[in-house]
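Here is how the chains run, residue by residue.
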Amino acid sequence: MERFENAQRSEMKNSSRHANLGDVAYERLKGRIMCKKILPGERLVEEELAGELGVSRTPLREALRKLAQEGIVKIVPRRGAVVAKPSAEEVLEILLVREVLEGLAARLAMEHVTRRTIREMRACFRPFKNFDDPALKENILSYYQADVKFHKLLVHTSKNKKLIGVIGNLCDHMQILTLRHVSLPGRTVQSLQEHIDIIDALDKRDASLAEARARLHIQRFMGDVRENIRRGIYRTLG
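Cut-offs applied
- Here the residue numbering is sequential within each chain, running from 1 through the sequence in written order.
- Two thresholds apply to this predicted model, a pLDDT of at least 70 for residue-level local features and 80 or more for giving and counting side-chain atom pairs, whereas whole-chain, interface and lining totals are computed over all residues.
- No hydrogens and no water enter the side-chain calculation; it runs on all heavy atoms of the structure.
- Secondary structure elements follow DSSP: runs of H or I no shorter than four residues count as helices, runs of E no shorter than two count as strands, and numbering proceeds from the N terminus.
- Whether a residue is buried, partly exposed or exposed follows from its accessible area with a 1.4 Å probe, protein chains only, as a fraction of its type maximum: under 20%, in between, or over 50%, in that order.
- Whether two residues touch is decided by their heavy atoms; if any such pair falls within 4.5 Å, the residues are in contact.
- Using a 1.4 Å probe, accessible areas were evaluated by the Shrake-Rupley method; residue-level cover was limited to the displayed protein chains.
- Orientation is described by axes fitted as lines to C-alpha atoms, over the contacting stretch for helices, and by angles from 0 to 180 degrees between their N-to-C directions.
- Each crossing gets its handedness from the near helix: less than a right angle anticlockwise from the far helix is left-handed, clockwise is right-handed.
- Just so you know the grouping, Ala, Val, Leu, Ile, Met, Phe, Trp, Tyr, Cys and Pro go in nonpolar, Asp, Glu, Lys and Arg go in charged, and all remaining residues, Gly too, go in polar.
- Should an angle fall under 35 degrees it is called roughly parallel, over 145 degrees roughly antiparallel, and 65 to 115 degrees roughly perpendicular, with every other angle called oblique.
- Two strands form a pair only when DSSP identifies at least two bridges running between them.
- To pair, rings of Phe, Tyr and Trp, with the six-membered ring standing in for Trp, must have centres within 6.5 Å; the planes then decide the type, stacked if under 30 degrees apart, edge-to-face if over 60, and tilted in the middle.
- Criterion for a charge above a ring: Arg CZ or Lys NZ at most 6 Å from the ring centre, at most 35 degrees from the ring normal.
- To estimate the expected span of a helix, count its residues, drop one, and scale the result by 1.5 Å.
- Here the nonpolar core consists of buried residues drawn from Ala, Val, Leu, Ile, Met, Phe, Trp, Tyr and Cys, with membership extended through side-chain atoms lying within 4.5 Å.

With that settled, the discussion passes to the overall build of the protein. A tally of helices and strands in the protein yields 10 helices and 3 strands. Starting at the N terminus and ending at the C terminus, the protein contains elements arranged as α-β-α-α-β-β-α-α-α-α-α-α-α. When the 238 residues of the protein are sorted by exposure, 41% land in the buried category. Sequence-distant contacts in the protein: of pairs separated by 6 or more residues, those separated by 24 or more amount to 78%. With the model as given, the accessible surface of the protein reaches about 13,500 Å², and the carbon-plus-sulfur share is 52%.

Listed below in structure tokens is the structure:
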């Protein structure tokens, strides 16, 4: 009996260790995809990745299955796992859903937003406060990072865990891509003003205005994507 119980404990310990390694592999691999160290459409070779991530194939496969469930990775017959490469139509579908959900997040954020939160939001865009700042034209990456930080802050301020999870997954799909919406004349400056307008509405404690402005921001982004599709210049990295 004692031998059986010891075997059970050992099996549970091994199972827990594999689960933890699976989480480690998941976080590391997802981080690489989000940072575009692995590009959309690129094949994920298990043997190479296991060595790079410092895990065995079993936790790596767990990580791949989880990423496949989230739609970040696709399992292709006879090819294996590849990083998902959403089509232009899929991107528009994501943005359509984000428009509604981020509007809701802005409305819910009104119940929890503090002066400190407002200051943090404004700080995201302080380096770009002058609309003619060369950084808006010359350092798109920094502005993109500020954009991501702001949206995460806005959504998390809603304090709605389900909403945070759903929007987070949608944003992950968008983060994989590099859309050429910034090529449209004046788009970055317009985007900056839209963010400031959302923050101002939150600062005024106007829930309806905050929701409307959050939705308008995504609507205009969708318009840019549609324009790039029309021009035939929509693309993803990879």
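Turning to the packing of helix α4 (residues 88–109) against helix α8 (residues 161–176), a few remarks are in order. Packing of α4 against α8 leaves a shortest axis separation of 10 Å and a crossing angle of 140°. Where α4 crosses over α8, the handedness of that crossing is left-handed. Between α4 and α8, the residues in contact are V91, I94, L95, V97, R98, L101, E102, L104, A105 and L108 and L163, V166, I167, L170, C171, H173 and M174, respectively. Split into classes, the residues belonging to the contact of α4 with α8 amount to 14 nonpolar, 1 polar and 2 charged.

The next thing to look at is the packing of helix α5 (residues 115–125) against helix α9 (residues 187–203). At a minimum axis distance of 10 Å, the contact between α5 and α9 shows a crossing angle of 170°. One way to sum up the angle between α5 and α9 is to call them roughly antiparallel. Contacts from R115, I118, M121, R122 and F125 in α5 reach L192, H195, I199, D200, L202 and D203 in α9.

Turning next to the environment of T58. Among the secondary structure elements, T58 is positioned in helix α3 (residues 57–69). In the structure, T58 is positioned 12 residues away from E46 in sequence and 9.8 Å away in space, judged by C-alpha atoms.

Moving on, we come to the pairing of strand β3 (residues 80–83). In this structure, strand β1 (residues 43–44) lies alongside β3, joined through 2 bridges in antiparallel fashion. Within β3, the position partnered with L44 by the bridge is A81. Count of turn residues in the strand β2 (residues 73–76)/β3 antiparallel hairpin: 3 residues, of which R78 carries a positive phi of about 65°.

All chains considered together, the criterion is met by 3 aromatic pairs. The interplanar angle of 85° and the centroid separation of 5.3 Å between the aromatic rings of F128 and Y143 together place this pair among those described as edge-to-face. Highlighted residues: F128 in the loop between α5 and α6 (135–138) and Y143 in helix α7 (residues 140–157), separated in sequence by 15 residues. Taken together, the ring pairs in this structure connect F125, F128, Y143 and F150 into an aromatic cluster. Above the face of the Y26 ring, K66 is positioned so that its terminal group lies 4.1 Å from the ring centre.

Our next topic: α8. Its 16 residues give α8 an end-to-end C-alpha distance of 23 Å, which sits within 8% of 22 Å, the value for a rise of 1.5 Å per residue. Within the sequence span of α8, burial applies to L163, I164, I167, L170, D172, H173, M174, Q175 and I176.

Bringing the pairing of β2 into the picture now. Sheet topology note: the β2/β3 ladder contains 4 bridges and is antiparallel. In the sheet register, I75 faces β3, and the bridge partner there is A81.

So, on to unusual backbone geometry. The backbone of R78 sits at a positive phi, close to 65°, despite the residue not being glycine. Structurally, R78 can be placed in the loop between β2 and β3. Exposure remark for R78: the relative accessible area of 88% places this residue in the exposed category.

With 22 residues, the main nonpolar core has M121, F125, F150, L154, I199, L202 and A210 as its most contacted residues. Secondary structure elements with two or more residues in this core: α4, α5, α7, α9 and α10 (207–231). Leaving out residues up to four positions away in the same chain, L154 has contacts with E102, A105, A106, A109, M121 and L202. Core analysis: the next-biggest nonpolar cluster, separate from the first, contains 20 residues, I38, L64, I72 and V73 among them.

Everything listed here is a matter of geometry and, on its own, says nothing about what the molecule does.
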